[in-house]
Every structure is written in C-alpha cells, then in structure tokens.
Protein chains: 2
Amino acid sequence: MKNYGLPVTAVKEGEGFWPQRQKLIRDTVLPYQFSILNDQLEGVEKSHAIENLRLAAKAGSGQPVAPEEYYGMVFQDSDVAKWLEAAAFSLAQNRNPALEEEIDRVVGLLSRAQFPDGYLNSYFTVKQPGRRWTNLQEAHELYCAGHLIEAACAYYETTGKDDFLHIMRKNADHIYAHFMRENPRGFSGHPEVELALMKLFRATGDSRYQELAQHFVDVRGQDPHYFEEERKKRGWYLWQENDDALDKDYTQSAKPVREQKDAVGHSVRAMYLYTAMADLAGETGEASLKNACSQLWESTVQRRMYVTGGIGSTTIGEAFTVDYDLPNDTVYAETCASIGLIFFARKMLEMEPKVEYADTMERALYNTVLAGMALDGQRFFYVNPLECAPGISGVAVTHRHDLPQRPQWYACACCPPNVARLLASLGSYAYSAGENTLFVHLYMDGRVETPFGWALNCETDYPVSGHVTYTFCGAAQGTIALRLPGWSPKAVLKRNGEAVNIGSVQRDGYAYLTGSFQEGDKLELVLDMMPRKVYASSKVPADTGRAAVQRGPLVYCAEGIDNEGDVFSLSFRREGGLEAQAFQPELLGGIVPITARGWRTEATNSLYSDTRPGREPVEIRLIPYYAWANRGLSQMRVWLPEN
Amino acid sequence: MKNYGLPVTAVKEGEGFWPQRQKLIRDTVLPYQFSILNDQLEGVEKSHAIENLRLAAKAGSGQPVAPEEYYGMVFQDSDVAKWLEAAAFSLAQNRNPALEEEIDRVVGLLSRAQFPDGYLNSYFTVKQPGRRWTNLQEAHELYCAGHLIEAACAYYETTGKDDFLHIMRKNADHIYAHFMRENPRGFSGHPEVELALMKLFRATGDSRYQELAQHFVDVRGQDPHYFEEERKKRGWYLWQENDDALDKDYTQSAKPVREQKDAVGHSVRAMYLYTAMADLAGETGEASLKNACSQLWESTVQRRMYVTGGIGSTTIGEAFTVDYDLPNDTVYAETCASIGLIFFARKMLEMEPKVEYADTMERALYNTVLAGMALDGQRFFYVNPLECAPGISGVAVTHRHDLPQRPQWYACACCPPNVARLLASLGSYAYSAGENTLFVHLYMDGRVETPFGWALNCETDYPVSGHVTYTFCGAAQGTIALRLPGWSPKAVLKRNGEAVNIGSVQRDGYAYLTGSFQEGDKLELVLDMMPRKVYASSKVPADTGRAAVQRGPLVYCAEGIDNEGDVFSLSFRREGGLEAQAFQPELLGGIVPITARGWRTEATNSLYSDTRPGREPVEIRLIPYYAWANRGLSQMRVWLPEN
C-alpha cells in the first residue's frame, strides 16, 4: 500500500512542544536567517546568497556583472532555496502577507536571473558563464535546481500561487531536455534533484518529471564512469583535492544503485539519493529498487547510526565510514544528514508502514536535528558530537569540526535553513494518508485535515508526558493507524475511554482501528515514558561498558554545568535506578530532567595509577541531548560507563 | 651531578630477554634491512637508499647522473645512516669482519659522494643540485647529516676506525661554517643534528660542535621566523600542503625553546629537539634551558602519553594534539616517537637521576618500541594503536594509518632501522656512570665495564621474573645506584645475601650502595611482579571506566585469538583478580600470560537495546602488548571496561 505525507496544515499555534518550535521558526528563525542571507547581520559568516541572485538577475537583464562579485559556495543558491521552502511551509499555518512579499521579491530575482531557455543558477551565470553543466561532479547545479524546485512546490502548495512553480517547471523542462537528450549519461555529484523532481511530478501531475528522476537514478554508477569522462573533458576543478583519484563512493556512484548494499560516502548525498530511490520504488513498485532501499536502510540504521540518529561518523568527506565505527567525540553526524535520514525514513514508511521507520525518523528528529539549533533559534550546529570536552573539542586537530558551542552561521550554511524547512513542514511527517487510512507517525499538538473529508485534532504535551489524545472532527468511516513506538512496550490505547486490546489490532508497530467514528470520538494513547538505559551492541568499540539514557524518544546527556563541571569522572551504577524529575517549564525551554544513581571517580594527579582511584556515590543529572550547549561552555557526554 | 650512558659493551650473548633480541638484531634484522636498503628483497616497499648514495658518489666522481634516478623520500639517506649506526653498535658485542666490510663499502660511497667542501647529501646532489640549504623547513638536510654523524660516532666508538668519523667531521665543519657565518638564522625543520653534534663533540672533544648544537637550539623560534623568510625566498616546495600557512608548532619553532611549555607538533621532531636541549642543559648547567626541559617533560609524560609509552596521538602531522586527548583506536604513537622519548628520558636522567625518567624509558621501550618490530624481526609497525578492530582498523578513512598487521617495510622507513639502532645500543641506556657511581637504569643480562676500573655482571630473566643479580668482577670502591621502579612498591634488595634496608639508602627511586665491594660480591634485587590493574586519570575521556593490566614494565592486552575472536564484548570484573600464568617459552618468543576474571557481554543483533545484554563470567587471556599481531589478523584491546 502506498501512502503520502499529508499537506502541512496540521499544527496549531500554541505552547506545546512542536507548536512552540514552529512559532520560533516563524517569528525568529525565518527573519533571522533572511537577514543573514541579505547580509544584514554583523559579526556572522557572510552569506551573500541573495546578492548573488541579484547579480544573476542583473546579468539576466543584459547588464554586465564581474565574475569576482560572486561570493560563497558554488551551492549558495540552495541556502536561499531552503529558506524559501521553509518560509513557504510556514504560511500553511499562518498566512503572512509581509513574508509572502519577501518571498515574491526573491522569486522576482529568480525570474530575472533565469535564462530564456530555462537555465537558472547564479554561480554559473555570474562567476563561470559558459561552463554550465560541465562539472556535474562538483558544481551542484542540479542540487541547487532541486532545492529551488522543492521550494516552488511548497509555495504553490501552501499559497496556490504559481509564479515560482512556473519558473521551476521551465527550469525542469530545460534540465529534462538537456539530460534526456543532449547529455543522457550525466547525473549530479550531489543527489537532490531526483527527490525534488518527484515532488514536482506530484505538484504538476507531469510524469516527465518522474521519468527524469528515474533516469537520474538509473544512470548513476554506470560504467564507464561519467565523472571520469567529465574530468578528462572539462579541465577545471572547484576543489583542489578533487584533482586526486575520483572517490566514487563519495557520490554513491561506484555502482549502479540497485547493486549498492552499504551506506557509503557523503552522508547527506546518500540520504537524498536513497530518498529518491525509495520514492520511485514506492511509486513504481519495482522490487529490485525497493530491495536496494531496504539493504541501504539496514546498513544505515542497523550498523552505522548513532543512538541520537546521527549518521556519517567522519569529517573526512562528511561521510559514512564502516560498520560499527561510531566514535562519540570525533564524530561528524551532520545535522543535514539526520534530516536526510528523516526524508528516507518517510519514503520507506510510505512504502510499508513499519514502525522501525517511524522510530528512526523520531530518533533523528528529537535528538540530532533538534540539537542542530539552539533553543533561541539563532545558533546552529553542523556537527553533532555525543561527547564534548572543552579543551579537546574544537581545539585538537582531530576535533576541530566538533565545536563545543553553536556558531551563528557557517560559510557552508546548508544545515540552518534545512532545520527550518523540516520543522516548518513537520506535519507532513507526522501524518500520512493511505488507502482510506490515516497514519499517525509522530505525536504533535494540532489539527490535521485528512483527504477523506474529516479532520483529527491532537492534544498532547508529548514528549513531556506520553499522553496523546485524538478527537475526531466530523464523522469518519475508515481506518486510523496509530504508531506504537518500539521503545514503549507498555502502551495503553483507549477508544472513548474503553481500553483497546492492542495485541488484536497491532501490525508492524501500528494499531489499526477501523470502523465508524463520530464527531467527538476520542482515542487516547498512553506511552511508557519511564526513563531507560540503552546499550549499544558490543560490536561498537566506542560504547563498550557504557550506557546511555532515553526517555520516550529523547536521548539524554550529562552536561558539566549540572554536574560540578566534570562529567568524565561519572559512571552509572549498574544497579542504580533512573528517576524522571518533575517537568521544569523554565529550564531549557521546558524539560523533564532525569537523575541517575552513579559514581564519581576521584580525580588523580597522575595520568596513570596502579591503584584504582576511589569513588563516591553521586546523583547524575541528565538533560535531553537536544538541549545541550545552551548554557555556555560545558563538558557533555551521552554514553557513560556503567559499573 | 652529570653522568653519561656507558659505551655499549654490556650485553652478553645468550638466551635472556635482551640478549635474545640483540642476537635477532645481529643475525636477522641487520641483514634483512640491508638487503632492503640494497633493493634485494622482492615484494616490499622499494628503498633505493644505497642506490641513491651510489648515484651521489657517481656525481662526486664527476660522472653525469639524471635527477630522476633519485628515488624515495628527501631523507632517504637517513635510513642508511640509522642502519650503519645499528650495525656499528652491534660490533661492540661481536666484531664481525663481513659486516664491517659492508659498512666500509657504504662509507666508501659516502666518501665519494662528499663534496670537497664537506657537503654530503644524496638528494641535493642527485635530484636538486644547486638548491642545498635553501629549504631547511622541509628538506631534512641537517637531519640526514645528524644521522650520519651519529653513525660515524658509533662506528668510531665500537671499532676505533675513524674514516667515517673524518668524513662526518668534515661535513660538520662545513655545516659549522655555513650556519655560524653565512646563514646564522637557519635551523632544521626536523631536529636531529643538534643531538648528533653533541655526540660528535664527545667523540672528538671539539667544542665547536657543542657550540653549533647550542646555536641551533638557541636560534630556533626567533622572530621574524626563519622559515617564513625562507619560503618567500626559495619559491619551491617539497610537499604541496606546505604551500599553506606555516605551522610553526609542527617544527617546535613557534617560540624560542626556553619559552616552550607544551609538547607540540610532530612528536619525533619534538623528542629529538628536547633530547638536545636536555643534553645541552646538562652539559652547561643552564637553569632556564633545564627548566624548559622539565616543563616539556611533564607536558609529554603527565598529560600526553599513552600507557604504552606511545606519544603523538594524531596521524595529522604525526603529532601531539592537546592534553588528555589519547584515543586508543585512531592513535598514531609512532615507534620513532617512543624511541625519541627514550633519548629524552636518558638525557633527563643524566641531568638528575630520578626514577620517573627511567620508568618512562622502560615503559616506552618494553611496550611501544618492542611492539614496533615483529617477533621475527622482519615486520614493523610505524603506528602503535592500543585497540585494533579488523574491519575498522586500517580500513575506515579515520583509521587507515592504524594497521592491524605489521608491513615488511615502508615508503617512509624511519622506524625499522631506528628500532634496530636502539636495541643494538641498549646497554648505554641500561647503565650510566656519574661521579664514582654506576647507575643501573634497566635490568638486562650481561656484563658492563665501568669507567672506574671494574666490571659488573648481571644475571636475570627479567621481565619473566623480577629477580636480578649483580656480581662484581673485581674489587670496587664507590657507589652503585640501583633503580627501584615506581611500579614495584615491595622491592627486596640483598647484599651478599643480607637484606638491605631500602628506606635508608633510597633517594629519588634509586638505592645507593656505597663502600668497598670485593670480586664476587653479589647484589640481588627482587621486584614485585604481581600483575596489577592500571587506571587512567578521569581527565582522559577515552579511558574512563576502563582498566589496563601491567606486570612489571609490560603492559598487557587482550587479543581475539586468545579470546574466542572477540575482545570488545569483554570487561574486567571489578572485584576480579589477575593471575600470572607459568612462563610459556614457546608462546610468542616466551611470555608470562595473564588471566583476568571478567565478563563476556552477550552479542545482540540490534545496534541499540533497551535492555541490558546478558553477560557471563569468563576468564580473559592477556598477553604482553609488545607481542600483539604476531599470529595473524585479530582484534586487540589494551583498555577494557571494568564493571
């Protein structure tokens, strides 16, 4: 059964966990990021992204521009695109004429920057005219196009306005013509356009876009390798190191996609590719592509994923390494990669509603992705370590990328607007609609309009508690499938106050309730939010002898500020219990702290001692991982020794 | 009190721990390495080092040579130099005319390769004529000269033959003239010549060599930075990455040496520099230089050293990182760096006989340095990890340098002949002579001739047992100072069978026995060889919750082959004892295995589990770290969780 995420009309304004954050996106993050994209904020990494588009628009109007006026990454356009998409999604909940005007002004720039043949890219218009489509390996042209396509679809979906969509259709038509006819072996070094074309296909109904997405997926990794031929021909490089031997794994193109078994290479690229593959497999039902997706899924989440849902364990190539190599301190775990994992999970979930996909989606969302943004919405992590030792993290040459504090912006600013667009569209990850079935994957306050003519209202303070109440708005005939998270063995489900025997309605981790519902009918789900210790497989050398703590979907960590400045001398007592404290609304935006019985090992002066240092019982204070590094420089650790 | 290491006449032929190894050096390692240096061994990394000298000799005879005939590193000469030094040292115990002939033939090449003005370097003679002394930052000219000087001193000391010494004096005189007059701000990017010049000073009595060593030490790190000026002038680079900003820490030249407080940069360079600094401070008594040495010593061994005596924790620059950053798996811990640490320790020990220097010397020697060579003497580790996971080690991009098996040779082959020359001259580290005092720093079978007219014979199977017996050969009047290792709290000392009250004769970890000794007088030292668990400071994140095992000077490790193929599921029982097994002469060249009470955690299929995996009691089998990776591919771990 195939189902799709629901359009983003689901989340109400309010003070719940997600409404609070979506308000932050609208009121703070979007204006903040737009001011940076417009170079209006002092003291942060320069963006120049809007200015690049202005230059391209100028060139499009036939005025001369100097190549050196372009500034930033080759994919600087994508920062604007992701912001546009986030802004567009935010309008689903709150139309905002001022914001729409801003969007329209940017769309106007895009329109003027577009060539008559549909080509659109500020880098190749301003900085490298005449070189378009000659460096697919490095130059992110299709990647930028993909992000703009996604933004156009979002803006069209939430506002019905189609100027932007027309621009990007024209662009997509140009790409179709170029890659289906003139250059049929070419594909992008950074996947993205594939998944975007699937969105464009759904937004327009034009199957050529699906055809092109399929083409890009199919042509990838064929022999002889397109990038090798391209390198010989083009004679120019964006990055010097690419003058070395071609690393085909980096771009997931060492083999045709159906032969790929391990998640390899740049982890964001991997996730975007796998998302498109899963989307296509779901759409076409092709078994071999679906099988490849399943294998890549298993490789990712069963052997190469952090407990926080982070993926890509090395900074070298921002990439996957090998099975079970999951260092906690030198980790990369890019925020964008976990966002990509959520995309991939959603597409797997649309293919087959199994709870493991939703569990992973939730794991990545509530931990790495949320940690990617400061609580005030104005600082961002690109890299998400599971251990931070000020003095080592961000300082040692091996830890330079593992910053102990979130910067305001980045020269390579992919993550901040990526978080914004994901959170602004979260409703479509929370719910999906299959054949006369509403699926509930994530628990979030607000109302969802189903395509079946009825709506559902959700009330919950989740993840503060595990109580979630759904109320039918209007009579309904059909099925509602409620996710039963793998981490909650003792879920209770009630229908209008009467307990439902979950065992009898449960399939693959979803409780299927079928029948007639009346307006006002209530479904109550109570999940088990007892804090629990989590253990990694002993195949993960970095985590042996250690435990982490989770409560509901939240992974917890110990920060120095709550633990006398030193978390590395702490260990959990093997027999020691965990205790969830009362909700503290004023602490870190509102959290449920956990205390754990543990030990503090006595500090020794010598580096090595022949006698075991003493220890004393201590209460270890834990906070949700996503909230770390919001109170100044502090040690942090997720996995503590247990003894 | 200043004292010097004794000349190498100390170790007898035999079957003890060190005699066995020194025999291996003579009978196997030297011929093996010489055949590689002569390109006579198939299937190993090509050396070409002797051939480079032949080419230089040819050029020296006025015959044309093509620059492209040179092959290898810019410092390829130093491989030959270290081999020559090792071979020379080996003659101290066994004169060997055939070996001397080989040495003399190489010396003949050096003689013919030397310019009339004394300059000698095959790279700049063959490959880059006209560029001598223009790239001190990268080109290792002074480094190669230093190694050849050391070799010449050794050959002169052990044979009395002075041809080689004359060549290198002429070379040193050339260097003196160039750097004391023409280019007085220059110094070497890789320290080595400084410590070599001190040896040449002692071998010849010519104080200009000490003066030059002092000059090189003093001129280092002055402002403006010599390398920055040089880079502007020279316009050529050996390594592309050096086109970037100058990393002054890498060459320990960011500050004048007396202002350096932390061990930084390339760890071998650091050790060679600190050795020369300590040698000079000891010679001149200069307090500020001695103080700098003490601070650098503390930085090295109290905050930046592995329990195995490995130093330099990152492959990036083969370098030190920051305090307490001591990862066990991505570690570098170059064999040469621990050899350098032994040099440094010896010079500190000569300045002040404190046991911490000798303890560190022994730690580095018995663990990292010994691990640097396979038991058969024909394979070598450059990098010495404390944890090896086949599938990750040597494979993951972050672990490529951490090989799970010793290769036969390296393109950069600094370590193998460095091990050879250290082991061939070990007697001079074991003993030193101060004012009418013989110091015993290391315990090794054999006879040492003191400069006081008497000799001492040592019989021991150390480190199999902790029994060491010294017998006076001839009557002696004076002091013998026996090291009491810090790791042995319960040492017993007997003089002719009568217990000595150690407390009354102990100072800084040495037992000073003064008086008249008769021929045949015996001193017996019995050290506590009970295996013990060792704990790292909780400031070392990588080792929290873990313990290592030591017995005597030997650090132990668990290898997969002894533990059902899996050491990552093992943990020590907190209350569990350690048991030394009977000596096994046939196992790994003769070892005392240790068993530890521990747990094996049950393997789980899932990457993360909400329930603690079961465990069962198990006997963990441990072998000395130095012997790891001698029985095929296997997991290995030094620090095991303890719970």
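Residues numbered from 1 in each chain as written. Chains lettered and ligands numbered in written order. Predicted model: local features only at pLDDT ≥ 70, side-chain atom pairs only at ≥ 80, totals over all residues. Heavy atoms only, no water.

**Student:** Help me get a handle on the overall build of chain A, residues and values and all.
**Tutor:** From N to C terminus, chain A includes 17 helices and 23 strands. Taken against the 2.2 N^0.38 rule, which gives 26 Å for 643 residues, the C-alpha radius of gyration of chain A at 24 Å falls within 12% of a compact globule. Counting only C-alpha atoms, chain A reaches 75 × 70 × 50 Å along its principal axes. In chain A, which comprises 643 residues, the proportion classed as buried is 65%. Sequence-distant contacts in chain A: of pairs separated by 6 or more residues, those separated by 24 or more amount to 72%. Accessible surface, chain A: about 21300 Å² in total, of which carbon and sulfur atoms supply 47%. Side chains of chain A give 65 positive and 82 negative charges; the mean places of these two sets differ by 2 Å. (Helix = DSSP H or I, 4+ residues; strand = E, 2+ residues; numbered from the N terminus. Rg over C-alpha atoms; globule rule 2.2 N^0.38 Å. Buried < 20%, exposed > 50% of the residue type's maximum accessible area, 1.4 Å probe, protein only. Contact = heavy atoms within 4.5 Å. Areas by Shrake-Rupley, 256 points an atom, 1.4 Å probe, with all protein chains shown as cover. Lys, Arg positive; Asp, Glu negative; His and termini not counted. Charge placed at Lys NZ, Arg CZ, Asp CG, Glu CD.)

**Student:** So what's going on with the pattern of salt bridges? Residues and values would help.
**Tutor:** Following the criterion strictly, the structure yields 85 salt bridges over all chains and no others. With a closest N to O distance of 2.9 Å, B:Lys533 and B:Glu642 form a salt bridge. Here B:Lys533 is found in strand E14 (residues 532-536), whereas its partner B:Glu642 is found in the segment after strand E23 (640-641), with 109 residues between them in sequence. Where salt bridges share partners, they join A:Arg202, A:Asp279, A:Glu283, A:Lys347 and A:Glu350 into one cluster. (Salt bridge = Lys/Arg side-chain N within 4 Å of Asp/Glu carboxyl O.)

**Student:** Describe the interface of chain B and chain A, with residues and values.
**Tutor:** Contact residues are listed per partner, giving 58 residues for chain B and 58 residues for chain A. In total, chain B and chain A occlude about 4600 Å² of area from one another, counting both sides; carbon and sulfur atoms represent 55% of this. Looking at the side of chain B facing chain A, the largest losses of area belong to B:Leu607, B:Tyr608 and B:Arg612, adding up to 18% of the total buried there. Applying the counting rule to chain B against chain A returns four salt bridges. Here B:Asp610 and A:Arg532 are joined by a salt bridge, their closest N and O atoms 2.9 Å apart. (Buried area = accessible area lost by both parts, 1.4 Å probe.)

**Student:** Any chance you could break down the state of the cysteines for me, citing the residues and the numbers?
**Tutor:** For the coordinates displayed, the defined rule picks out zero disulfides over all chains. With no disulfide partner, A:Cys557 has as its closest neighbouring cysteine sulfur the one in A:Cys388, 10 Å distant. Counting only cysteine sulfurs, B:Cys415 is the nearest neighbor of B:Cys336, a cysteine outside any disulfide, at a range of 3.4 Å. (Disulfide = S-S within 2.5 Å.)

**Student:** With reference to specific residues and values, describe the side chain of A:Ser393.
**Tutor:** Residues and elements named next belong to chain A. Counting through the fold element by element, Ser393 comes out in the loop between strand E2 (387-388) and helix H15 (415-424). Residue class for Ser393 comes out buried when judged on its relative accessible area of 3%. Look past the residues within four positions of Ser393 in its chain and what remains in contact with it is Glu387, Cys388, His399, Asp402 and Pro404.

**Student:** Go over the pairing of strand E15 (residues 546-551) of chain A with me, naming the residues and quoting the values.
**Tutor:** Residues and elements named next belong to chain A. Counting buried positions along E15 yields six of six residues, so the element is predominantly enclosed. When strand E14 (residues 532-536) meets E15, the two strands line up antiparallel, connected through three bridges. If you follow Val534 over to E15, its bridge partner there is Ala548. Where E15 lies against strand E23 (residues 640-641), two bridges are found, and the strand directions are antiparallel. Pairing of Ala547 across the sheet is with Leu640, part of E23. The pairing of E15 with strand E16 (residues 554-559) spans two bridges and is classified as antiparallel. Directly across from Gln550, in E16, lies its bridge partner Val555. From the end of E15 to the start of E16, which pair antiparallel, there are two residues, and Gly552 there has a positive phi angle of about 60°. (Pairing = 2+ DSSP bridges.)

**Student:** Got a sec to walk through the side chain of B:Gln260? Specific residues and values, please.
**Tutor:** Residues and elements named next belong to chain B. The topology assignment puts Gln260 in the loop between helix H10 (226-234) and helix H11 (267-284). Polar side-chain contacts of Gln260 include one of 2.9 Å to the backbone oxygen of Lys255. Setting aside residues up to four positions removed in sequence, Gln260 forms contacts with Gln252, Ser253, Lys255, Leu273, Tyr274, Ala292 and Leu296. (Polar contact = N/O pair within 3.5 Å; in protein donor to acceptor, adjacent residues only side chain to side chain.)

**Student:** An account of the packing of helix H9 (residues 207-219) of chain B against H11(B) is needed here, citing residue identities and associated values.
**Tutor:** All names here are of chain B. Remark: H9 packs on H11, axes separated minimally by 10 Å, with the N-to-C direction vectors making an angle of 125°. Taken together, H9 and H11 sit at an angle that is classed as oblique. Judged by the sense of rotation from one axis to the other, the crossing of H9 with H11 is left-handed. Contacts from Gln210, Ala213, Gln214 and Val217 of H9 reach H11 at Leu273, Ala276, Met277, Leu280, Glu283 and Thr284. Classifying every residue of the contact of H9 with H11 by side-chain character gives six nonpolar, three polar and one charged. (Axes fitted to C-alpha atoms, helices over the stretch in contact; angles between N-to-C directions. Parallel < 35°, antiparallel > 145°, perpendicular 65-115°, else oblique. Left-handed = near helix turned anticlockwise from the far one by under 90°. Nonpolar A, V, L, I, M, F, W, Y, C, P; charged D, E, K, R; others polar.)

**Student:** Please provide a residue-by-residue account of the relation of the copies chain B and chain A, values included.
**Tutor:** When chain B is fitted to chain A, the best match, at an RMSD of 0.0 Å, comes from turning it 180° and sliding it 0.0 Å along the axis. What the superposition gives is, in effect, a two-fold axis relating one chain to the other. Across chain B, the smallest distance between a C-alpha and the rotation axis is recorded for B:Asn643, namely 2.2 Å. The overlap is high: 100% of the interface residues of chain B also sit at the interface in chain A, so the same surface is used on both sides. (Least-squares fit on C-alpha atoms with pLDDT ≥ 70 in both.)

**Student:** Give a detailed account of the sheet that holds strand E10 (residues 498-499) of chain A, specifying residues and quantitative values.
**Tutor:** Strands sit in the order E5-E6-E7-E13-E9-E10 (chain A) across an open sheet of six strands; the sheet is antiparallel. At either end of the open sheet lies a strand with only one pairing partner, and these are strand E5 (446-449) and E10 of chain A.

**Student:** Please give an account of the packing of aromatic side chains that cites residues and values.
**Tutor:** Counted under the stated rule, the structure contains 70 aromatic pairs over all chains. Each ring, one from A:Phe381 and one from A:Trp628, has its centre 5.1 Å from the other, and the planes form 20°; the classification is stacked. A residue pair is termed long-range when its members are at least 10 positions apart, and A:Phe381 in the loop between helix H14 (355-371) and E2 and A:Trp628 in the loop between strand E21 (615-624) and strand E22 (636-637) qualify at 247 residues. Accessibility expressed as a relative area gives 1% for A:Phe381, which makes it buried. Ring centres 4.6 Å apart and planes at 35° place the aromatic pair B:Phe187 and B:Phe227 in the tilted group. Of this pair, B:Phe187 sits in the loop between helix H7 (163-182) and helix H8 (193-204) while B:Phe227 sits in helix H10, placing them 40 residues apart in sequence. Across the pair, exposure class does not vary: B:Phe187 and B:Phe227 are buried alike. These aromatic residues form a ring-pair network of at least three members: A:Phe17, A:Trp18, A:Tyr366, A:Tyr443, A:Tyr462 and A:Tyr626. Across the ring face of A:Phe17, the terminal group of A:Arg21 is positioned such that the distance to the ring centre comes to 3.8 Å. One Lys or Arg, A:Lys46, reaches over the ring of A:Tyr71 and ends 4.2 Å from the middle of that ring. (Phe/Tyr/Trp six-rings, centres within 6.5 Å; stacked < 30°, edge-to-face > 60°. Lys NZ or Arg CZ within 6 Å of the ring centre and 35° of its normal.)

**Student:** Talk me through the sheet that holds strand E13 (residues 522-526) of chain B; I want residue IDs and the actual numbers.
**Tutor:** All names here are of chain B. The six strands lie next to each other as E5-E6-E7-E13-E9-E10, forming an open sheet whose pairing is antiparallel. What marks the edges here is a single partner per strand, and that holds for strand E5 (446-449) and strand E10 (498-499). Examined bridge by bridge, E5 and strand E6 (residues 455-460) share four bridges and lie antiparallel to one another. Within E6, the position partnered with Arg447 by the bridge is Asn457.

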